[in-house]
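# Remarks on the overall topology
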Amino acid sequence: MTGLAVAVLAYGLLQTVVDAWYAGAAAASATRLVTRNAISLTIFLPVSYENRIRSVEGVSKVARSNWFGGIYQEPKNFFPQFAVSDNYLDLYPEFVLAEDERAAWRRDRKGCLIGRQLAEQYGFKIGDVVPIRGTIYPGTWSFVVRGIFDGSDSTKITRLMLFHWDYLNESLRKTAPRRADFVGIYIVGVDNADGVGATAVRVDDVFRNSLAETLTESEQAFQLGFVAMSDQIIAAIRVVSYVVILIIMAVMANTMAMSARERTSEYATLKVLGFGPAFLAALIFGESLLICAIGGGIGVLLSAPTAAFFKQVAGIFPIFAVSADTTALQLACALAVALAAAAVPAVRAARVRIVEGLRAIA
């Protein structure tokens, strides 16, 4: 039971790691597109593209976003920072921010918005000054927390910081003029989710054969592009999770086989008393199912609190919770172990000959 509980718990945590890796893509909206440079994400687009994108049929809103990539205090305190246009949150209704806080942010050039998960992790409060040491944009940048936004539900990732794109651009005009007036990506809102593909094609057609051609894709495809960089790691985690189950299945099968051999005389005695092969097989399957139900149940019950503890201590994933699908897979694995472990012993017990079984008593 202990071995199965540990195996089911480990399987659940490993599957939760995989789910956490895909959390960003899973939360992507069907009505948002991302436009970037067709050559590479590291090559920016002119700010003049914004109006041309906005004029494309099917486009409702356009927002600017630059990855900042700064460091808070020390490198291990990594969290995403984005320089965004003032209308950025209009495209993200899943981020809930009080109107007075939004107004305060818009008034303050050095103001920033902090997600609830990030605020809870570092204890940020409204009015705090957050110093960020730039890597892509050198220097120490100081931001004032003007608002803390929440997610519309528990699946939304709010472990990020937003600040004014105009503030970044104005600073670049003074320190690095050649890097000013460029945008990393454009977030594009569409009128109709059914027309996302056609709208993406129309956006790219506008800039075809230009000096900076674009690649427009759905937000989910854009997020999955980052996940694809870790495909081998994710595949390895999946394999390990199933290897754990296979190992405990082998252990469980061996335990049930030894138990069945030790009870050969008891099975023979039951046959003498009139119990048939089907009853003996059901007896062994019932024992295996009971053991796996208790062990698997303990593993399932421990999964949620263990995941919560891991999230709090490690702080790697903003969303790290055991999903209903993972719980169902844990229970399915426990059932598979129970059936596989009892199969061979049940067949042997059903076929045991009374004479051979009673001879074992002597």
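Criteria and cut-off values
Each chain has its residues counted from 1, following the order in which its sequence is written. In keeping with the predicted nature of the model, local features appear solely for residues at pLDDT of at least 70, side-chain atom pairs appear and are counted solely at 80 or more, and the whole-chain, interface and lining totals rest on all residues. Excluding hydrogens and water, the side-chain values take into account all heavy atoms of the structure. The way it works is that DSSP assigns letters per residue, a run of H or I at least four long becomes a helix, a run of E at least two long becomes a strand, and they are numbered from the N terminus. As defined in this context, the radius of gyration uses C-alpha atoms, and a globule is described by 2.2 Å times the residue total to the power 0.38. Categorising residues by exposure relies on relative accessible area from a 1.4 Å probe, with only protein chains included: less than 20% of the type maximum marks a residue as buried, more than 50% marks it as exposed, and the intermediate range marks it as partly exposed. We call two residues in contact whenever any of their non-hydrogen atoms come within 4.5 Å of each other. Method for areas: the Shrake-Rupley scheme with a 1.4 Å probe, in which residue coverage is limited to the protein chains shown. The convention is simple: Lys and Arg are positive, Asp and Glu are negative, and His and the chain ends are not counted. The atom standing in for a charge is NZ when the residue is Lys, CZ when it is Arg, CG when it is Asp and CD when it is Glu. To get an axis, fit a line to the C-alpha atoms, keeping to the stretch in contact for a helix; angles then go from 0 to 180 degrees between the N-to-C directions. By convention the crossing between two helices is left-handed if the near helix lies anticlockwise of the far one by an angle smaller than a right angle, and right-handed if it lies clockwise. Here the word oblique covers every angle except those under 35 degrees (roughly parallel), over 145 (roughly antiparallel) and from 65 to 115 (roughly perpendicular). Residues are grouped as follows: Ala, Val, Leu, Ile, Met, Phe, Trp, Tyr, Cys and Pro are nonpolar; Asp, Glu, Lys and Arg are charged; all remaining types, including Gly, are polar. Only a pair of cysteine sulfur atoms within 2.5 Å qualifies as a disulfide here. For two strands to be treated as a pair, DSSP must find no fewer than two bridges joining them. Working definition of a nonpolar core: buried Ala, Val, Leu, Ile, Met, Phe, Trp, Tyr and Cys residues. They are joined through side-chain atoms within 4.5 Å. The predictor's confidence in any single residue is recorded as pLDDT, a number from 0 to 100.

### A closer look at the overall build of the protein chain
Along the protein chain, the regular secondary structure elements total 13 helices and twelve strands. Here the protein chain has a C-alpha radius of gyration of 29 Å; the compact-globule value for 362 residues is 21 Å, and the former is much larger. Within the span of the protein chain, comprising 362 residues, buried residues form 45% of the whole. If you take every contact in the protein chain between residues at least 6 apart in sequence, the share linking residues at least 24 apart comes to 79%. Accessible surface for the protein chain amounts to roughly 18,100 Å². Of this, 61% is attributable to carbon and sulfur atoms. Here the protein chain contributes 33 positively and 31 negatively charged side chains, and the mean placements of these two sets differ by 5 Å.

### Here we look at the packing of helix 1 (residues 2-21) against helix 12 (residues 324-351)
The contact between helix 1 and helix 12 brings their axes to 10 Å, and the two run at 145°. As for how helix 1 packs across helix 12, the hand of that crossing is right-handed. Contacts between helix 1 and helix 12 pair L4, V8, L9, Y11, G12, Q15, T16 and D19 from the former with T326, L329, Q330, C333, A334 and V337 from the latter.

### Remarks on the packing of helix 1 against helix 9 (residues 231-262)
Packed helices, taken two at a time, are described by the angle between their axes plus the distance between the axes. In contact at an axis separation of 9 Å, helix 1 and helix 9 are set at 165° when each is read in the N-to-C sense. What the angle tells us is that helix 1 and helix 9 run roughly antiparallel. The handedness of the crossing between helix 1 and helix 9 is left-handed. Along its contact with helix 1, which presents G3, L4, A7, A10, Y11, L14, Q15, V17, V18 and W21, the element helix 9 presents I233, I234, I237, R238, V240, S241, Y242, V244, I245 and I248. Looking at the contact of helix 1 with helix 9 residue by residue, the classes come out as 16 nonpolar, three polar and one charged.

### What about the environment of E213?
Within the element layout of this structure, E213 appears in the loop between helix 7 (196-206) and strand 12 (214-218). Separated by 93 residues in sequence, E213 and E120 place their C-alpha atoms 41 Å apart. Sequence-distant contacts of E213, defined by excluding residues within four places in its chain, comprise R36, N37, A38, L45, F207 and R208.

### Quick word on the state of the cysteines
The final tally for this structure, using the stated rule, is zero disulfides. Take C333: it sits in no disulfide, and the sulfur closest to it among the cysteines is that of C292, at 11 Å.

### Observations concerning the pairing of strand 3 (residues 59-67)
Relative to strand 11 (residues 185-190), strand 3 runs antiparallel, the two sharing six bridges. Each bridged residue has a counterpart across the sheet, and for K61 the counterpart in strand 11 is G189. Both strand 3 and strand 4 (residues 81-84) contribute to a ladder of three bridges, which runs antiparallel. In the sheet register, S65 faces strand 4, and the bridge partner there is V84.

### Considering the nonpolar core
Ranked by size, the top nonpolar core spans 39 residues in total, and within it M161 and F163 carry the most contacts. Beyond its immediate chain neighbours, meaning those up to four positions away, M161 contacts F79, P80, Q81, F82, C112, L113, I114, L118, I132 and F143. Listed in part, the 27 residues of the second largest apolar core include A7, M252, Y267 and I291.

### A closer look at helix 6 (residues 165-175)
Burial in helix 6 covers these residues: W165, Y167, L168, N169, S171 and L172. Tucked inside the fold, the buried residues of helix 6 contact strand 3, strand 4, strand 8 (139-151), strand 9 (161-164) and strand 10 (182-183).

### Observations regarding the confidence of the model for the protein chain
For the protein chain, per-residue confidence averages 88 on the pLDDT scale, and 94% of positions sit at 70 or higher. For the protein chain, per-element mean pLDDT is lowest for helix 13 (residues 354-359), which scores 66, and highest for strand 9, which scores 97.

### Here we look at the environment of I71
Structurally, the position occupied by I71 is in the loop between strand 3 and strand 4. Owing to a relative accessible area of 17%, I71 belongs among the buried residues under this scheme. Sequence spacing of I71 and A30 is 41 residues, and the spatial spacing of their C-alpha atoms is 32 Å.

### Some words on the side chain of T158
Relative to the assigned elements, T158 resides in the loop between strand 8 and strand 9. Here T158 is in contact with F95, G115, R116, Q117, L118, F149, D150 and G151, once residues within four sequence places are set aside.

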